[in-house]
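Survey of secondary and tertiary structure
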Amino acid sequence: MGIFERWLSLWVGLCILAGIALGYLAPGVFTAVAALEYAHVNLVIAVLIWVMIYPMMVQIDFSAIKDVGRNPKGLLLTLVINWLVKPFTMALLGWLFFRFLFAPWVEPQTAQEYIAGMILLGVAPCTAMVFVWSQLTRGDANYTLVQVSVNDVIMIFAFAPLSALLLGVSDIQVPWETLILSVALYVLLPLLAGVLTRKHLNSRPEAITALLSRLKPWSILGLLLTVVLLFALQAETIVAQPQNIVLIAIPLLLQTYGIFLLAWWLAKRLRLPHSIAAPACMIGTSNFFELAVAVAISLFGLHSGAALATVVGVLVEVPVMLSLVAFANRSRSNWAAAKKLTEN
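The chain goes by ACR3 family arsenite transporter in an unreviewed UniProt entry, where it is assigned to Shewanella chilikensis. What UniProt states about the chain under its Sequence similarities (unreviewed entry) heading is, verbatim, "Belongs to the arsenical resistance-3 (ACR3) (TC 2.A.59) family." Turning to the chain, the UniProt record has this under Subcellular location (unreviewed entry): "Cell membrane".

Below, the structure written as structure tokens:
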């Protein structure tokens, strides 16, 4: 794990401070950037999101799906958590905290947007950072590739209807055409670009690794510039109400740790080997925050609370996931001993 990934929360925090300062000092510049949009898609953000997402999609090898039958319990755990549990618990927590517990401190319209951002985070399963978490927990790399590839295929078809369902249940109006356009722009097209790139490179691992090493700094730069832009556009609101960042982070922390503990318990019940259980739990816990940020901006706008909530998700996720990696690694010996005991 490189220095940028390991300290991503620090870089995001610094970019948050830079964005707030720049937005407060030069609001006109960022207002002009916000006006550069077509069909509810901000062109600057679209370029930055593509810079982030494209390298991730190049990593995905869909030929790995042929191994889907290998240890199906691990894949089943990932799919159940990602598509039948996490989106609904995230919506429930958003609704509980911002409709009731935090209602005295947040305006109703802003609360609705925070809930929307949380829902979009919950519906977007992680794609790229999963490979990092798997490596850090000594996970089965090939099996992780299978899990991520299957998840991406499902995401093409399930992200839009599930997002619309949960947003609708929360009384948040969603323009279907914008949601479908977002999925096509930020999931389908980058996936196709990744497939074509791998085909052009003849799936040679050394060529793909070399390309990814060249693209990696740009991907991180795209994320950090997006954070600066988002917080610059909301600078006045944040300066007036800084406590809202903390309010958003609280349910996100509960969701992340809660989902991991549930997945960990289920993995033990299924008697999965640690090399499959740990990555499966990480995949179920982490989010594709780049997609959530892009869709939140397309649906609700750059200035929205939904966009702010998804970016707070970036700030929260990395340190939390590193703590879960440490927990998983400490449990390896006990996991193996317990598995051997049950087998005997």
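From this point on, the discussion continues.
Another point: the packing of helix H4 (residues 43–59) against helix H14 (residues 289–300). Packing of H4 against H14 leaves a shortest axis separation of 10 Å and a crossing angle of 155°. As far as their axial angle goes, H14 and H4 are roughly antiparallel. H14 is crossed by H4, and the crossing has left-handed handedness. In contact with Ile 45, Ile 49, Met 52, Ile 53 and Met 56 of H4, H14 contributes Glu 290, Val 293, Ala 294 and Ile 297. Per-class residue counts for the contact of H4 with H14 are eight nonpolar, no polar and one charged.

Below, the discussion takes up unusual backbone geometry. At Arg 138, a residue that is not glycine, the phi angle is positive and equals roughly 55°. Relative to the helices and strands, Arg 138 resides in the loop between helix H7 (129–136) and helix H8 (141–169). For Arg 271, which is not glycine, the phi torsion reads 60° and is therefore positive.

A separate point is the side chain of Thr 197. Relative to the assigned elements, Thr 197 resides in helix H9 (residues 176–200). When neighbours within four sequence positions are excluded, Thr 197 is seen to be in contact with Tyr 54, Val 58 and Leu 211.

Here the structure, examined in full by the defined rule, presents nine aromatic pairs. An angle of 55° between the planes, with centres 5.1 Å apart, marks the rings of Phe 97 and Phe 102 as tilted. The class of Phe 97 is buried, set by a relative accessible area of 8%. We classify Phe 102 as buried; its relative accessible area is 8%.

What follows concerns the pattern of salt bridges. Evaluated as defined, the whole model comprises one salt bridge. Close ionic contact of Glu 206 with Arg 204 constitutes a salt bridge, the shortest N to O distance being 3.7 Å.

Take the nonpolar core next. The biggest cluster of nonpolar side chains holds 114 residues, and the ones touching the most others in it are Phe 98, Phe 159, Tyr 186, Phe 231 and Leu 291. The element contributing the most residues to this core is helix H15 (residues 305–330), with 13 residues. Every residue in contact with Phe 98, bar those within four places of it in the chain, is listed here: Ala 103, Val 106, Ala 111, Tyr 114, Ile 115, Met 118, Leu 247, Ile 248 and Pro 251.

Looking now at H9. Compared with an ideal rise of 1.5 Å per residue, which puts 25 residues at 36 Å, H9 spans 34 Å between its outermost C-alpha atoms and is within 8% of the ideal. Largest kink in H9: about 35°, centred on Ala 184. Looking one or two residues past H9, Asn 202 carries a phi angle of roughly 55°, positive in sign.

Turning to a nonpolar patch on the surface, a few remarks are in order. A contiguous nonpolar patch, built from Leu 92, Trp 95, Leu 96, Phe 100 and Leu 101 and spanning about 480 Å² of accessible area, is present on the exposed surface. Mapped onto the fold, Leu 96 is located in helix H5 (residues 72–101).

To continue, consider the side chain of Gln 147. Tracing the chain through its elements places Gln 147 in helix H8. A distance of 3.4 Å separates the side chain of Gln 147 from the backbone oxygen of Gly 74, its partner in a polar contact. Within polar-contact distance, the side chain of Gln 147 engages the side chain of Thr 78 at 2.9 Å.

Rules used in this analysis
- Residues numbered from 1 in each chain as written.
- Predicted model: local features only at pLDDT ≥ 70, side-chain atom pairs only at ≥ 80, totals over all residues.
- Heavy atoms only, no water.
- UniProt positions renumbered as here; feature names shortened; annotations may be inferred.
- Axes fitted to C-alpha atoms, helices over the stretch in contact; angles between N-to-C directions.
- Helix = DSSP H or I, 4+ residues; strand = E, 2+ residues; numbered from the N terminus.
- Parallel < 35°, antiparallel > 145°, perpendicular 65-115°, else oblique.
- Left-handed = near helix turned anticlockwise from the far one by under 90°.
- Contact = heavy atoms within 4.5 Å.
- Nonpolar A, V, L, I, M, F, W, Y, C, P; charged D, E, K, R; others polar.
- Phe/Tyr/Trp six-rings, centres within 6.5 Å; stacked < 30°, edge-to-face > 60°.
- Buried < 20%, exposed > 50% of the residue type's maximum accessible area, 1.4 Å probe, protein only.
- Salt bridge = Lys/Arg side-chain N within 4 Å of Asp/Glu carboxyl O.
- Core = buried A, V, L, I, M, F, W, Y, C linked by side-chain atoms within 4.5 Å.
- Expected span 1.5 Å × (residues − 1).
- Bend = angle between axes of the 7 residues up to and from the residue.
- Patch = residues over 30% accessible without salt bridge, like charges linked within 9 Å, V, L, I, M, F, W, Y side chains within 5 Å.
- Areas by Shrake-Rupley, 256 points an atom, 1.4 Å probe, with all protein chains shown as cover.
- Polar contact = N/O pair within 3.5 Å; in protein donor to acceptor, adjacent residues only side chain to side chain.

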